[in-house]
Amino acid sequence: MNGFIFQLGDWTLEFPRKYRIVCDGTTAVVIDGDRTALVLLSLTENGRIRIERTYYAMTCEIDSRERKVIFQITDEIS
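Residues numbered from 1 in each chain as written. Predicted model: local features only at pLDDT ≥ 70, side-chain atom pairs only at ≥ 80, totals over all residues. Heavy atoms only, no water.

J.: Outline the packing of aromatic side chains, listing residues and values.
T.: The final tally for this structure, using the stated rule, is three aromatic pairs. Between Phe 15 and Tyr 19 the ring centres are 5.8 Å apart and the planes differ by 80 degrees, which places this aromatic pair in the edge-to-face class. Considering the side-chain rings of Phe 15 and Phe 71, the 4.8 Å spacing of their centres and the 5 degrees angle between planes classify their relative orientation as stacked. On the criterion of sequence distance, the pair formed by Phe 15 in strand E2 (residues 11-15) and Phe 71 in strand E8 (residues 68-73) is long-range, its members being 56 residues apart. (Phe/Tyr/Trp six-rings, centres within 6.5 Å; stacked < 30°, edge-to-face > 60°. Helix = DSSP H or I, 4+ residues; strand = E, 2+ residues; numbered from the N terminus.)

J.: Explain the state of the cysteines to me, using residue names and the numbers behind them.
T.: Applying the stated criterion across every chain, the model contains zero disulfides. Here Cys 23 stays unpaired: no disulfide links it, and the sulfur of Cys 60, its closest cysteine neighbor, is 17 Å away. A residue is classified by how much of its surface remains accessible, and Cys 60, at 35% relative accessible area, is partly exposed. (Disulfide = S-S within 2.5 Å. Buried < 20%, exposed > 50% of the residue type's maximum accessible area, 1.4 Å probe, protein only.)

J.: Would you mind going over the sheet that holds E8 in detail, with residue names and values included?
T.: Across the sheet, four strands lie side by side as E1-E2-E8-E7; this open sheet has mixed pairing. Both edges of this open sheet fall to strand E1 (4-8) and strand E7 (58-63), since each of them pairs with a single strand only. Across the sheet, the axes of successive neighbouring strands diverge by a mean angle of 20 degrees, strand direction being ignored. Alignment of E1 against E2, held across five bridges, turns out to be antiparallel. In the sheet register, Phe 4 faces E2, and the bridge partner there is Phe 15. (Pairing = 2+ DSSP bridges. Axes fitted to C-alpha atoms, helices over the stretch in contact; angles between N-to-C directions.)

Below is the structure:
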């Protein structure tokens with residue numbers, strides 16, 4: 001993958017390109033170059049990941065065994 005990887009707790013987040021991420025350790029907001037919030041994620045008290053909101057054109061694949069979430073923009077899937 002030629003994208004961007006970010007670690008949130010025990011979870012690995014993979015994105016198709018570099019984004020700005022604002023994180024306090026348990027909650028992260030992924031922001032694009034236009035300052036649009038693309039994804040809001042958080043960790044529960046027991047370390048599970050919670051995807052609270054995604055931008056309408058963003059999809060994700062979750063691999064719970066590897067604790068990995070792979071995000072894609074729907075325009076890039078075709």
